[in-house]
Amino acid sequence: SEGPSSCVIMVNMDATKIPLPVRKAIAVAYPFDSMHKASGDSTHSFSPASTMIPPQIAGFQKYEAEAAPGFKMNGQGDGDPAKAKEMLAAAGYGPDKPFELIYYYTNDDDTAQKANQVRKQKLQAAGFKVTDLGVPNAERRKLIGKPKGKYNMLQGPRGWCFDWPSADSIIPPTVGSIALSQGGTTFGNFSDAKIDAEIKRIQQLSITEQGPEWAKMDKWLTENYLLAIPDYYDKGNQVFGTKVKNVHNNPNKGMPEITSIW
């Protein structure tokens, strides 16, 4: 049995430290396919994402925003280093003045180290200076949750798993100012009055009206702010014996609906 879980994984970038043109260049350079290969991921564990809201949420609208003309962000491909270099040059960066990406990665896990090696090489090939800070995973989780940490990308949250199946439990806590005001991190670590006003407007609508409006906001955020790059929709999968019947994946949990099994 396999199917969606409640989680969408993103590539988080600190919008207070990385300008929008550079965030778009990161999206163009990002090596999704190589990262999945190095991490040992399979199509049983993920499907590529192009949105912040997962497909099983009411009102969901599929879109693929462009990071550059003709370059769609859909969690696929291995990046275009030449195009990313052009974008960095247009933003005023180059070999004499490279843009530095600083992030923490897990150094006490072989798979995480392999994935980081690929990410670092591919981002360097795109013209970035990469400072990767290796720390044990338990320590990394604390470090990436600090709003003013020593990083400008891959801070927390790595993704988001909704608490109830509505985008009201996805968009406000991940891009609204409220989490920052409480000392947490958000996508982009970015506080913006327009984003907060749009959240407030949608929350005043009826539940049925909210769905499509959150979906429009999802697209608007990715196209105009790009606080995090959609990476993949997480999947749940289970192996069960032939005598176990009626096993169905609950798309809001990524695990079997226990009450229906016999």
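For clarity, every value in this text was computed on a predicted model and none was experimentally measured. (Residues numbered from 1 in each chain as written. Predicted model: local features only at pLDDT ≥ 70, side-chain atom pairs only at ≥ 80, totals over all residues. Heavy atoms only, no water.)

Chemist: Looking at this structure, I do not really get the sheet that holds strand β1 (residues 2-12). What am I missing?
Modeler: Hydrogen bonds along the backbone pair up the strands of a sheet, which may run parallel or antiparallel. Read from one edge of the open sheet, four strands run β2-β8-β1-β7, paired in antiparallel fashion. Of all strands in the sheet, those with a lone pairing partner are β2 (46-48) and β7 (159-161), marking the two edges. Strand-to-strand twist in this sheet, taken as the mean axis angle between neighbours without regard to direction, amounts to 30°. Of the strand pairs in this sheet, β1 and strand β8 (residues 228-237) are connected by eight bridges, and their pairing is antiparallel. Each bridged residue has a counterpart across the sheet, and for G3 the counterpart in β8 is G236. (Pairing = 2+ DSSP bridges. Helix = DSSP H or I, 4+ residues; strand = E, 2+ residues; numbered from the N terminus. Axes fitted to C-alpha atoms, helices over the stretch in contact; angles between N-to-C directions.)

Chemist: Where do I start with unusual backbone geometry in this structure?
Modeler: Most peptide bonds adopt trans geometry, and most residues besides glycine take a negative phi value. Residue P157 follows G156 across a cis peptide bond; omega there is -10°. Backbone geometry at L154 places phi at a positive 55°, although glycine is not the residue there. In this structure L154 comes out as buried when scored by relative accessible area, which is 11%. In this structure, N189 is a non-glycine residue whose phi angle is positive, near 45°. Judged by its relative accessible area of 8%, N189 falls in the buried class. (Buried < 20%, exposed > 50% of the residue type's maximum accessible area, 1.4 Å probe, protein only.)

Chemist: Sorry, what's going on with the pattern of salt bridges here?
Modeler: Opposite charge on two side chains allows them to pair when their charged atoms are near. Applying the stated criterion across every chain, the model contains 11 salt bridges. The closest approach of N and O atoms between K17 and D14, which form a salt bridge, is 4.0 Å. Salt-bridge contacts for K129 lead to E100; the nearest nitrogen and oxygen are separated by 4.0 Å. Separated by 29 residues along the polypeptide, K129 in strand β6 (residues 129-135) and E100 in strand β5 (residues 100-106) bring together distant segments of the chain. What makes E100 partly exposed here is its relative accessible area of 29%. Within the structure, one salt-bridge network assembled from shared partners comprises E198, R201, E213 and K216. (Salt bridge = Lys/Arg side-chain N within 4 Å of Asp/Glu carboxyl O.)

Chemist: Looking at this structure, how should I read the state of the cysteines?
Modeler: Disulfide: a covalent bond connecting the sulfur atoms of a pair of cysteines. Taken as a whole and judged by the stated rule, the model has one disulfide. The disulfide partner of C7 is C161, and the S-S distance across this bridge is 2.0 Å. Negative torsions about the S-S bond denote left-handed disulfides, and the value of about 105° found for C7 with C161 makes this one right-handed. Taken together, the residues span a long stretch of sequence, with C7 in strand β1 and C161 in strand β7 at a distance of 154 residues. (Disulfide = S-S within 2.5 Å.)

Chemist: Could you clarify how one ought to interpret helix α1 (residues 20-29) in this entry?
Modeler: Given 3.6 residues per turn, any residue in an α-helix points the same way as the ones three and four places further on. Taking burial as the measure, the 10 residues of α1 include seven buried ones, the bulk of the element. Inspection of α1 places V22, R23, A25, I26, A27, V28 and A29 among the buried residues, and these make up the whole buried set. On the buried face of α1, the contacting elements are β3 (66-68), β4 (71-72), α3 (81-90), β5, α4 (110-125) and β8. (Contact = heavy atoms within 4.5 Å.)

Chemist: I tried to follow the side chain of S177 on my own but got confused; where do I start?
Modeler: The topology assignment puts S177 in helix α7 (residues 177-181). Polar contacts involving the side chain of S177 include one to the side chain of S191, which spans 2.6 Å. Looking at S177, its side chain comes within polar contact range of the side chain of D196, at 2.5 Å. (Polar contact = N/O pair within 3.5 Å; in protein donor to acceptor, adjacent residues only side chain to side chain.)

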